[in-house]
Structures are given as structure tokens and as C-alpha cells.
Amino acid sequence: MSKITAAITAVGGYVPDFVLSNKVLETMVETNDEWITSRTGIKERRILKDEGKGTSFLAIKAAEDLIQKKGLDPKEIELVIVCTATPDMKAASTAAYTATQIGAVNAFSYDLEAACSSFLFGMSTASAYIESGRYKKILLIGADKNSSFINYKDRATCIIFGDGAGAVLFEPNEEGLGLQDELLRSNGEGREFLQATYGGSSYPINADTYNEGKHYVFQDGKTVFKNAVFNMADVAEKILKRNNLTNDDVAWLAAHQANKRIIDATANRIDLDKKKVMMNIQKYGNTTSATLPLLLFDYESQLKKGDNIVFAAFGGGFTWGSIYFKWAYNS
Ligand code: UT7
């Protein structure tokens, strides 16, 4: 019997309708379209404006898109993982709510949090379950409502982040397609450079801390940038080397969309042609856990069975890694 590998067999996605353009940001903070475009590659991002709607709203929409396109009976889904850094609320699993709302009534579900690397690490988790033979249908969702903890007076963060969600279905494959290798890392010394300090268990929010605004996300952009460039490129290069792959063997780079300059640096390190670099940061900005599945959502029609894809991500914590993956279908 051939070894079971974990393949992606369907993709869905969703972004909210409201577009926050660089032009509008110019009226909110001291910035300009030229600076944002040249320093980050971002032109606009989507924002979920509706009151009372959280990350699960985005996750449910992405999952429903996948279910409808695939013609999947949600009752067959065994596990729903929602990768997110912005859960709906504390103490109640966003994934449990999402699973119930999409009709995945036979599934168990949980959230997975590793900042901007959440979805990448989730790919590892979903694949391990599939490879073990324990489960056969896993819905992996990456969803974040970043606008819920962004200070729209802080130009260092509000120009970057957006809201969105993407979903993929993991199933067993007997042709050797799907996840081939992974190189995942973390280093807690990085947490001081990118965090929302208040609102967690270390520093719960009270009236005083609220006024300080430290429940918003803060980043030391330069330090995060340097670490992202070095580490994302490093793991992408290493995973190619240890699998004896050259740039010719790689069909696509699917890198976390945090800053176009970080993606370009990773592509340059592995000497990859621009045409092979998936890019949608111009439309959505950094959607944290949703960047990788939203790339698959936007590029799905161009992907061919057998294509070698190098995934790479870097995020708060710090967390980072790379996955070598073989695409399993033509759409
Ligand atoms: O998802 C993973 C986590 N996040 C990331 O990976 C993001 C990593 N960091 C970045 O993408 C970049 O560091 C930023 C986009 C946040 C900032 O770009 P930068 O090229 O590192 O700019 P900088 O912070 O070095 O600032 C350069 C200049 C400064 O002015 P002076 O001191 O040279 O006069 C800033 O005050 O640009 C100024 N500046 C701005 N100007 C207009 C900073 N932010 C802005 C802004 N608009 N939004």
C-alpha cells in the first residue's frame, strides 16, 4: 500500500466589501499613497465594518464558499481548525461556532494561534492528522479581523493590516501529492517587537489601561522587517536545499503577505522568477492568518496538478517557517 500524504482538494475565500484605500488613509494619518505603495506594495485593504460580526463571520463565509464550490456535504467534515490571532471572544472557541454555523455537525473543532504563521502551522497540524490515518476530511481556515485591534491613529500599523479569510480542505492522497516537507520555527525573544500588550492574561484591560491604548497592536516595524526578511528567506532556501530542488523545480512561492519587500527578498534568495511569486498584498494588505489561503483562492485557476509550491510565513512571537507542497488538482 502506498504511503498516505495530505493534499489540499478544495479552496474557498472571502473578503469584506468595504475597501480602505491608501487615499482614504491619507485623510486619517500622516501618510501618502506613494509612501505606502513603495514601502509595502499595499494599495488597499478590506475591513469588516458590521457591528457584532467577528472573525467567525469571515471564516464561515470562506468555508461556505469552499463547500458550495466543492459540492461538499458539511456533515462529512471531521475536524474544523480556525487559525486566527483575533478570535471572536475569549473562552469560547471561534472554530466551534464556525463549525456549527456551516453545518459541520459531526466535526470537533478548535482554534490555532501562532500570529501570522497560524495558517502555515495549521497546515502541518492538519497534514499530521491525515497522514496518521485518523481523519479523512479536515477543514483548515485562516481568518482574521485585524481591524478589531488596530489603532487607526497609528500609521506604523493601520496602513498594513486588513481583514479576510481563506479555507482549504485536507484529504488523504495516494499519489504522493500534498505536504512533502516542513521547517517550522519560533523564538519568544521576538514578542516584544510585535504584540497587543493589554487584553491578554498578563495585562487584562481596565479603565486605566484602556486609555493608554495598549490593547491595540504595536510593532517595531524595522526590527520585525529585518527578522522577517532574514528568517523567511532562510527557511525557504533550506527547505529547497534539503529536498534537492532548484528554482526550476519550483512552480510557485506562496509567501505571507506582510510587505512586498519581504516577499521579494525571499524570492530573490531562492532566485525565483517574479512570475512564480504569488502576490495579492496590493488588494488585501496583511490579513495575518488569511494571507496564504487567500493566495490559493486567487491563484487556484492557475495551479496545476503536481506543481511544487513553497509556502513561507513569518509573524509575531516570533514564529516562522516554510512548507514544501505538491498541488493535487487542476481546476
Ligand atoms: O506579518 C508579520 C508582521 N509584520 C511585518 O512583517 C511588517 C514588517 N515591517 C514593515 O513592513 C515595515 O517596517 C513598515 C512598513 C512597518 C515600515 O517601513 P520601513 O521602511 O521600515 O519604514 P521605517 O519605520 O524605517 O520609517 C522610515 C520613515 C520614517 O521617517 P524618518 O525617520 O526617516 O523621517 C518614518 O517616520 O518613514 C516614516 N513613516 C511613514 N511615513 C509615511 C513610517 N510610517 C509611515 C507611514 N507613512 N505610514
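Worth saying up front: this structure is predicted, and the values here are computed from it rather than measured.

(A) Seen up close, the domain arrangement of the chain. Each assigned domain of the chain is listed here: domain 1 (5-176) and domain 2 (179-326). Distance from the C-alpha centre of domain 1 to the C-alpha centre of domain 2: 14 Å. Taken together, the contact pairs 58 residues of domain 1 with 47 residues of domain 2. For the pair domain 1 and domain 2, the summed buried area comes to about 3,800 Å², and 62% of that belongs to carbon and sulfur atoms. When the area that domain 1 buries against domain 2 is broken down by residue, the three leading residues are C116, L120 and F149, summing to 17%. Viewed at the interface, domain 2 and domain 1 are joined by 2 salt bridges. Its salt-bridge partner being K305, residue E175 comes within 3.1 Å of it at the nearest N-O pair. Inspection of the region where domain 1 meets domain 2 yields 21 residue pairs in polar contact (both at pLDDT 80 or more).

(B) Structural detail: the site of the ligand. In the neighbourhood of the ligand, 23 residues make up the surrounding shell, with T31, R39, K222, N259 and N286 lying closest. Interatomic distance of 3.1 Å between a backbone N/O atom of G221 and an oxygen atom of the ligand. For the ligand, an oxygen atom lies 2.8 Å from a polar atom in the side chain of R261. Protein chains shield 74% of the accessible area of the ligand, which is 950 Å² for the free molecule. Residue assignment for the shell around the ligand shows that the elements contributing at least two residues are α2 (33-40), α6 (155-158), α8 (221-242) and α9 (260-269). Its residues assigned to classes, the shell around the ligand comprises 11 nonpolar, 7 polar and 5 charged. Here the shell around the ligand spans two domains, since at least three of its residues come from each of domain 1 (5-176) and domain 2 (179-326).

(C) Seen up close, helix α4 (residues 94-101). Within α4 the residues assigned to the buried category are T94, A95, T98 and A99. Along α4, the residues classed as buried sweep out an arc of 125 degrees about the axis, all on the same side. Those residues of α4 hidden inside the fold are in contact with α3 (55-70), β4 (79-83), β5 (108-112) and β6 (138-145).

(D) The nonpolar core, seen in detail. Counting 76 residues, the largest nonpolar core has I138, F170, L296, F311, F325 and W327 as its most contacted members. Formed jointly, this core draws a minimum of three residues from each of two domains, domain 1 (5-176) and domain 2 (179-326). Other than its neighbours up to four places away in sequence, L296 contacts I8, V11, V168, M278, L303, F311 and W327. Counting residues in hydrophobic clusters, the runner-up holds 25 residues, among them A10, I67, A107 and A167.

(E) Focus on α9. I262, I263, T266 and A267 are the residues of α9 that are buried. Seen end-on, α9 carries its buried residues on one side only, within an arc spanning 135 degrees. For α9, the secondary structure elements touched by its buried residues are α8 and β11 (252-255). Among the residues trailing α9, D271 stands out with phi positive, at a value near 55 degrees.

Analysis parameters
Numbering of residues begins from 1 in every chain and follows the order in which that chain's sequence is written. For a predicted model such as this one, the threshold for reporting local features is a pLDDT of at least 70, and the threshold for listing and counting side-chain atom pairs is 80 or more; totals across whole chains, interfaces and linings nevertheless cover every residue. Calculation of side-chain values draws on the structure's entire complement of heavy atoms; hydrogens and water are dropped beforehand. Note that domain bounds follow an automatic or database assignment of domains. In this description, contact between two residues means that some pair of their heavy atoms is separated by no more than 4.5 Å. By definition, the buried area sums, over both parts, the 1.4 Å-probe accessible area that each loses when the two are put together. By salt bridge we mean one thing: a side-chain nitrogen of Lys or Arg within 4 Å of a carboxyl oxygen of Asp or Glu. Polar contact is the term for a pair of N or O atoms within 3.5 Å; when the atoms are in protein, one must be able to donate a hydrogen and the other to accept it, and sequence-neighboring residues count only if both atoms are side-chain atoms. Nearness is judged by heavy atoms alone; a residue qualifies as near a molecule or strand once a single heavy atom is within 4 Å of it. With residues, only the protein chains shown are counted as cover, and all accessible areas are computed by Shrake-Rupley using a 1.4 Å probe. Going along the chain from the N terminus, every DSSP run of H or I of four or more residues is numbered as a helix, and every run of E of two or more is numbered as a strand. Classification convention: Asp, Glu, Lys, Arg as charged; Ala, Val, Leu, Ile, Met, Phe, Trp, Tyr, Cys, Pro as nonpolar; all other residues, Gly among them, as polar. Partly exposed describes any residue whose relative accessible area lies between the buried limit of under 20% and the exposed limit of over 50%, with all areas from a 1.4 Å probe on protein chains only and scaled to the type maximum. Here the arc refers to the directions that run from the helix axis out to each C-beta atom. For this analysis, a nonpolar core means a set of buried residues of the types Ala, Val, Leu, Ile, Met, Phe, Trp, Tyr and Cys, connected via side-chain atoms within 4.5 Å.

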